[in-house]
Amino acid sequence: MVNYIVRRLLQLIPVLFGITFLTFMLIHFIPGDPVTVILGEHASPERAAELREQLGLNDPLYKQYLKFLNNLLHGDLGRSIITHEKVLKELATFFPATVELTLAAMFIATVVGIAAGVVAAVKQYSWFDNLSMLGALTGVSMPIFWLGLMLIYLFAQVLGWLPPSARLSIEYSVPTVTNLYLIDTLLAGNWAAFKDALAHLILPALALGTIPMSIIARMTRSSMLEVLRQDYIRTARAKGLGEAMVILKHALKNAFLPVLTVIGLQFGYLLGGAVMTETVFSWPGVGRYIYQAIMARDFPVVQGSITIIALIFVLINLIVDILYTVIDPRIRYQ
Amino acid sequence: MGKFWEKDWIKRLLKNKAAVVGLIIVLLLSFTAIFAPVLAPYDPIKDGSLQNRLKAPSSEHLLGTDKLGRDILSRIIFGARISVEIGVISVGLALIVGTLMGLTAGYYGGFLDSILMRIVDIILAFPSILLAIAITSVLGPSLNNAMIAVGIVMVPSFARVVRSTVLSLKEMEFVEAARAVGANDFTILFRHILPNSMAPIIVQGTMNIGTAILDAAGLSFLGLGAQPPTPEWGAMLVDARELLVKAPWVAFFPGLAIMLTVLGFNLLGDGLRDALDPRLKQ
């Protein structure tokens, strides 16, 4: 187990260099002079020189990269050109909102996806199977921002059941502890604010969670169908176990590994999809922060945020890989 | 996988109802794209009159009009051209680069393989839409740059599929035979291995067209892809949020067009995979 983890960590080194090099190079891929692109053609020469210095563009390329790496290792992602705040500090402010949204989306996706996939497999070719798989295929074909707009239209504007944007209504204020509003409202014992935060979370989480939900449902179904044909399932039934026990304990447990792979991979998608979802729902998270930075051509912010997200994505994938070996010890010996 | 020039797979494909639905959608899209100038009742670009702004769907404007008074149906019809263009160009780009990478990595192995596959790993280390956003934000917002960005993020999928096919094919006897009669690497790769790798490439390509259209629409929605007044479906949704209450049709129809198109390619891609590789279906 330890050997496996060490090997995976070693394999990560070239990838980490690649990620940092690619994000470092982003600013150098800007056609023309990055300073002119960022400041516009009418900026004063002093301001241009100042920005050139701030971005470190006066040094040779290898020095710039080494400096970028050194800063990164010291938690310094540079400063926003617009707000002049440290990028890492701003990211830390916006990150909890994205974590809350992503976890909620993953929760909906996993619970509904696995349940639908299991029922579809058990009742193969039934109307439920056909309908849920058609739904899953439609789900993966939908533009996430359009789904968001449609959800806002139906549930916020026509029915008026849920709020269309933001994380909390203005009348509530919650003392910040974790910056995850569902937890903070509970810690404050403010039940009304909790319900309000939950209501704000549902639509964006549903929009963001639909694609992973569809993929998880499809994967669970096909994985379950394969397992349900195995001899040990027949044995479990033959020894008189109840159907629920056979499906949940014997089948689902063994069908779970490929599903876990998909769940792990979807986290990366969620971090990317958050840009669309947060933009549509005015959700004050990292996604919207990146979007606003792009619109303002605030490249240090874009560069820093994308580096951090890629690093998190790689880390999540590593954790998922290690989790496999816990669930399925055979993998360690491959 | 079966060989794509053997006709059996066509029979299998046409027996699959979902795949046929997908095929019909794709054919309809192609037809609309080709005959857009004939099919569209109005000019898709020119602003309509003041009185014509934000008209609800009616017999005159079947899908309503947008805030500049342009006929939404006509814009969707012309948008089909752009979607086809996005699909063909970005997937074509990814297919050429990815296939060359996969062929080289799989055939030569060793150091070259390690380098190419690490590049693939690095691209895959980024959430794909985020990488596409980063690339377009750097290159500058335009439809062409969006297609390049979407193409780049799809390169790994082709490189991996082709590499794994080459790894198994290069051990086959027909490759050994070609080598024995003195064929050089180029001939072996492009005349013997590549034609036999076409089935997985076609399946991957079909599936990726849907994803490419979806991602490019997303970039346009964020203002990084097609620019106004281009009737690209994602770009048509840019102002839709503000107009949701007043004119929901402005948001509804372009999104529906994207969804149906992507669904079509996904259904066809699924069907092609099952038809070309019957083992997968079992």
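Residues numbered from 1 in each chain as written. Chains lettered and ligands numbered in written order. Predicted model: local features only at pLDDT ≥ 70, side-chain atom pairs only at ≥ 80, totals over all residues. Heavy atoms only, no water.

## Quick notes on the overall build of chain B
Rules: Labels follow the DSSP assignment, with helices taken as runs of H or I lasting at least four residues and strands as runs of E lasting at least two, numbered in each case from the N terminus. Think of it in three bands: with a 1.4 Å probe and only protein chains considered, a residue is buried below 20% of the maximum accessible area for its type, exposed above 50%, and partly exposed in between. By definition in these notes, contact holds between two residues if any of their heavy atoms fall within 4.5 Å. Using the Shrake-Rupley algorithm and a 1.4 Å probe, accessible areas are obtained, with residue cover drawn only from the displayed protein chains.
For chain B, the helix and strand inventory stands at twelve helices and zero strands. Helices and strands appear in chain B in the N-to-C order α-α-α-α-α-α-α-α-α-α-α-α. The buried share of chain B, taken over its 282 residues, is 55%. The contacts in chain B between residues at least 6 apart in sequence include a share of 73% that link residues at least 24 apart. Total accessible area on chain B stands at roughly 12,400 Å², and carbon and sulfur atoms take up 65% of it.

## Side note on the interface of chain A and chain B
Where interface size is quoted, it is often the accessible area lost as the parts come together. So the rule is basically this: Once two parts are joined, some of their accessible surface, as seen by a 1.4 Å probe, is lost; buried area is that loss totalled over both. What counts as a salt bridge is simple: a side-chain nitrogen of Lys or Arg found within 4 Å of a carboxyl oxygen of Asp or Glu.
Between chain A and chain B, the residue contacts involve 48 residues of the former and 40 residues of the latter. For the pair chain A and chain B, the summed buried area comes to about 3,700 Å², and 80% of that belongs to carbon and sulfur atoms. On inspection of chain A and its partner chain B, the count reaches one salt bridge. In this structure, A:R218 and B:D270 form a salt bridge, with 3.2 Å as the shortest nitrogen-oxygen distance.

## Describing the packing of helix α5 (residues 87-122) of chain A against helix α12 (residues 286-295) of chain A
Residues and elements named next belong to chain A. Let me state the cut-off plainly: Axis angles are defined between N-to-C directions and span 0 to 180 degrees, where every axis is a line fitted to C-alpha atoms and, for a helix, only to the segment in contact. Here the word oblique covers every angle except those under 35 degrees (roughly parallel), over 145 (roughly antiparallel) and from 65 to 115 (roughly perpendicular). Charged residues are taken to be Asp, Glu, Lys and Arg, nonpolar residues to be Ala, Val, Leu, Ile, Met, Phe, Trp, Tyr, Cys and Pro, and polar residues to be all remaining types, Gly included.
Look at α5 against α12: their axes get within 7 Å of each other, and the N-to-C directions meet at 135 degrees. By the angle between their axes, α5 is oblique relative to α12. Contact residues: V87, E90, L91, F94, F95 and T98 in α5; V286, G287 and Y289 in α12. Partitioned by chemical class, the residues of the contact of α5 with α12 number six nonpolar, two polar and one charged.

## What to know about the packing of aromatic side chains
The line we're drawing: Two aromatic rings, drawn from Phe, Tyr or Trp (for Trp, its six-membered ring), form a pair once their centres lie within 6.5 Å of each other, and the interplanar angle then sorts them: stacked below 30 degrees, edge-to-face above 60, tilted otherwise.
Applying the stated rule across the entire model yields 14 aromatic pairs over all chains. Residues A:F155 and A:W161 carry aromatic rings whose centres are separated by 6.0 Å and whose planes lie at 45 degrees to one another, so their mutual orientation is tilted. Here B:F186 and B:F190 contribute two aromatic rings whose centre-to-centre distance is 4.8 Å and whose plane-to-plane angle is 35 degrees, an arrangement assigned as tilted. Of this pair, B:F186 and B:F190 are both found in helix α9 (residues 185-196), four residues apart, which corresponds to roughly one turn of the helix. The exposure class assigned to B:F190 is partly exposed, which follows from its relative accessible area of 30%. One aromatic cluster is present, formed by A:F21, A:F24, A:Y65 and A:F68 through successive ring pairs.

## Digging into the environment of B:L268
Residues and elements named next belong to chain B. Within the secondary structure layout, L268 lies in helix α11 (residues 249-276). For the pair formed by L268 and V20, sequence separation is 248 residues and the distance between their alpha carbons is 7.2 Å. What L268 contacts, discounting residues up to four positions off in sequence, is L13, A19, G22, L23, V26 and T206.

## Re the UniProt feature "domain: ABC transmembrane type-1" (unreviewed entry) in chain A
The following threshold applies: UniProt positions are given in the numbering used here, feature names are shortened, and annotations may be inferred rather than shown by experiment.
The feature "domain: ABC transmembrane type-1" (unreviewed entry), as annotated in UniProt, sits at residues 95-324 of chain A in this numbering. Each end of residues 95-324 of chain A is marked by a C-alpha atom, and these two atoms are 27 Å apart; helix forms 80% of the span and strand 0%.

## Looking at the UniProt feature "domain: ABC transmembrane type-1" (unreviewed entry) in chain B
Mapped onto the present numbering, the UniProt feature "domain: ABC transmembrane type-1" (unreviewed entry) falls on residues 80-269 of chain B. Each end of residues 80-269 of chain B is marked by a C-alpha atom, and these two atoms are 19 Å apart; helix forms 78% of the span and strand 0%.

## Quick look at the confidence of the model for chain B
Note the cut-off: Per residue, pLDDT captures the predictor's confidence, and it can take any value from 0 to 100.
Scored by pLDDT, chain B has a mean of 90; 96% of the residues are at 70 or more. Predicted as a complex, the structure gets a pTM of 0.90 and an ipTM equal to 0.90.

## Digging into the pattern of salt bridges
One pass over the full model with this rule turns up 15 salt bridges over all chains. A salt bridge links A:K89 to A:E85; the nearest nitrogen and oxygen atoms lie 3.2 Å apart. You can call A:K89 exposed: its relative accessible area is 51%. For the salt bridge of A:D231 with A:R234, the shortest nitrogen-to-oxygen distance reads 3.7 Å. Note that A:D231 and A:R234 are positioned in helix α10 (residues 231-238) at a spacing of three residues, about one turn of the helix. Across this residue pair, the class does not change: A:D231 and A:R234 are exposed. By sharing partners, the salt bridges in this structure join A:R218, B:D270, B:R273 and B:D274 into a single network.

## Side note on the UniProt feature "transmembrane region" (unreviewed entry) in chain B
Taking the UniProt record as the reference, the feature "transmembrane region" (unreviewed entry) is found at residues 20-40, 86-108, 115-139, 145-162, 201-227 and 247-269 of chain B. Across residues 20-40 of chain B, the secondary structure splits into 90% helix and 0% strand, with the terminal C-alpha atoms separated by 26 Å.

## Some remarks on the confidence of the model for chain A
Looking at chain A, pLDDT values average 88 and 98% of them are 70 or higher. Helix α7 (residues 144-158) of chain A holds the highest mean pLDDT among the elements of chain A, 95, whereas helix α2 (residues 34-39) of chain A holds the lowest, 79.

## A word on the UniProt feature "transmembrane region" (unreviewed entry) in chain A
All names here are of chain A. In this structure's numbering, the residues bearing the UniProt feature "transmembrane region" (unreviewed entry) are residues 12-30, 101-122, 134-156, 197-217, 255-276 and 305-327. For residues 197-217, the helix share is 100%, the strand share is 0%, and the end-to-end C-alpha distance is 28 Å. Summarising residues 255-276: 100% helix, 0% strand, and an end-to-end C-alpha distance of 32 Å.

## Comments concerning the packing of helix α11 (residues 243-280) of chain A against helix α13 (residues 299-327) of chain A
Residues and elements named next belong to chain A. The geometry of α11 relative to α13 is characterised by a closest axis approach of 9 Å and an angle of 170 degrees between their N-to-C directions. One way to sum up the angle between α11 and α13 is to call them roughly antiparallel. Contacts between α11 and α13 involve F256, L257, L260, T261, G264, L265, F267, G268 and L271 from the former and I309, I312, F313, I316, N317, V320, L323, Y324 and I327 from the latter. Along the lines of polarity and charge, the residues of the contact of α11 with α13 split into 14 nonpolar, four polar and no charged.

## Focus on the side chain of A:T210
Residues and elements named next belong to chain A. Quick reminder of the rule: Any pair of nitrogen or oxygen atoms within 3.5 Å is treated as a polar contact; in protein, a donor-acceptor pairing is required on top of that, and neighbouring residues in sequence qualify only through side-chain atoms on both sides.
Note on placement: T210 falls in helix α9 (residues 191-228). On the basis of relative accessibility, which here comes to 15%, the residue T210 falls in the buried class. A polar side-chain atom of T210 sits 2.6 Å from the main-chain carbonyl oxygen of L206. Filtering out sequence-adjacent residues up to four positions away, T210 remains in contact with G139 and L147.

## Considering the environment of A:N317
Residues and elements named next belong to chain A. Mapped onto the fold, N317 is located in helix α13. The class for N317 is partly exposed, based on a relative accessible area of 21%. Separated by 316 residues in sequence, N317 and M1 have C-alpha atoms that sit 17 Å apart. For N317, the contacting residues outside a window of four places in its chain are R8, G264 and L265.

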